[in-house]
Amino acid sequence: PVFMVPNDIDIEKFKTTLTVEGFREEGIITVGWAGGRRNLQDLEVMLEAWTLLAEKHQNIRFVVTDWLSKHLSPKLQEKVVSVKWASTDKYGAGMQVDIGCCSVNNTPFASRKSPIKAWEFSTAGAAVIGTTNVYGEEPGIVTADTVEEWTKIIEYYMNPEVRGFAWDLFDQHVRA
């Protein structure tokens, strides 16, 4: 027999894992990715956009799990805050960024993933960008599939007023 268990997030418990300070710093835009070991092809396009943004903007930092930080270009590594994979009682703290990126490759395996990373980033207060194959149907989640799209959307979300609007859309959906 096959049992399908829907993925969900306990919002109240998740909120207890957030810290007061997070990674936000006055004048610095934090862009994050969270996840375990995977095929780097899931992240190639997003990371190429991050490299362009790192070269172009002095006020940008990238927050990633320690696994990913070892695979980044030298241009990115100087702008990276590396976070250790945390237990469930501290997990949300690594997602407290301004902009959360949810990137997966367009494969049959990836298309079966749930959009839970977007929910976690949004619950932590981030505006979220995801790839169309997993996040295209999620309310309030803008999608990007090319380097140009990732770059343009991240730059758009660097405006705090725009980020706030994106978070408000997600928050309204969660409460509905």
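Data block above holds the structure.
Residues numbered from 1 in each chain as written. Predicted model: local features only at pLDDT ≥ 70, side-chain atom pairs only at ≥ 80, totals over all residues. Heavy atoms only, no water.

Peer 1: What's the story with the overall build of the chain in this structure? I'm lost.
Peer 2: Assigned secondary structure in the chain consists of 8 helices and 6 strands. Ordered by position from the N terminus, the helices and strands of the chain form the series α-β-α-β-α-α-β-β-α-β-α-β-α-α. Relative to the compact-globule value of 16 Å for 176 residues, the chain shows a C-alpha radius of gyration of 15 Å, a close match. Referenced to the eigenvectors of the C-alpha coordinate spread, the extents of the chain come out at roughly 50 × 35 × 30 Å. (Helix = DSSP H or I, 4+ residues; strand = E, 2+ residues; numbered from the N terminus. Rg over C-alpha atoms; globule rule 2.2 N^0.38 Å.)

Peer 1: Looking at this structure, how should I read the nonpolar core?
Peer 2: Across soluble globular proteins, nonpolar side chains have a tendency to be buried as a group. With 30 residues, the main nonpolar core has V31, W50, F62 and I154 as its most contacted residues. Elements supplying a minimum of two residues to this core: strand 1 (29-33), helix 2 (44-56), strand 2 (60-65), helix 3 (66-69), strand 4 (99-102), strand 5 (127-130) and helix 7 (147-157). Top contributing element to this core by residue count: helix 2, with 6 residues. The residues contacting I154, other than those within four sequence positions of it, are V31, W50, L53, I60, I99, C101 and I129. Counting 21 residues, the second largest nonpolar core, distinct from the first, contains V83, Y91, M95 and I116. (Core = buried A, V, L, I, M, F, W, Y, C linked by side-chain atoms within 4.5 Å. Buried < 20%, exposed > 50% of the residue type's maximum accessible area, 1.4 Å probe, protein only. Contact = heavy atoms within 4.5 Å.)

Peer 1: Would you take a moment to explain the pairing of strand 5 for this structure?
Peer 2: Where a strand is regular, its side chains alternate between the two sheet faces. Taking every second residue as pointing to the same face, both faces of strand 5 are buried, with A127 and I129 on one and V128 and G130 on the other. As paired strands, strand 5 and strand 6 (residues 142-143) are joined by 2 bridges and run parallel to one another. Residue pairing in the sheet places I129 in a bridge with V142 of strand 6. (Pairing = 2+ DSSP bridges.)

Peer 1: Sorry if this is basic, but what is going on with the sheet that holds strand 2 here?
Peer 2: Within a beta sheet, neighbouring strands are joined by backbone hydrogen bonds and run either parallel or antiparallel to one another. Taken in spatial order, the 6 strands of this open sheet run 3-2-1-4-5-6, and their pairing is parallel. A single partner strand is all that each edge strand has here, and the edge strands are strand 3 (80-83) and strand 6. Pairing analysis gives 4 bridges linking strand 2 to strand 3, with the strands arranged parallel. Its bridge partner being in strand 3, T65 is matched across the sheet by V83. Those strands touched by helix 2 are strand 1, strand 2 and strand 4, and its axis lies near 150° from that of strand 2. (Axes fitted to C-alpha atoms, helices over the stretch in contact; angles between N-to-C directions.)

Peer 1: How do you make sense of the packing of aromatic side chains when you look at a structure like this?
Peer 2: For the structure shown, the criterion picks out 4 aromatic pairs. Here the aromatic rings of W33 and W67 are separated by 6.1 Å at their centres, their planes lie at 45°, and the arrangement is tilted. One end of the pair, W33, is in strand 1; the other, W67, is in helix 3, with 34 residues separating them in the sequence. Like W67, W33 is buried. An angle of 25° between the planes, with centres 4.6 Å apart, marks the rings of W50 and F62 as stacked. Here the residue W50 occupies a position in helix 2, and F62 occupies one in strand 2, the gap between them amounting to 12 residues. You can call W50 buried: its relative accessible area is 0%. (Phe/Tyr/Trp six-rings, centres within 6.5 Å; stacked < 30°, edge-to-face > 60°.)

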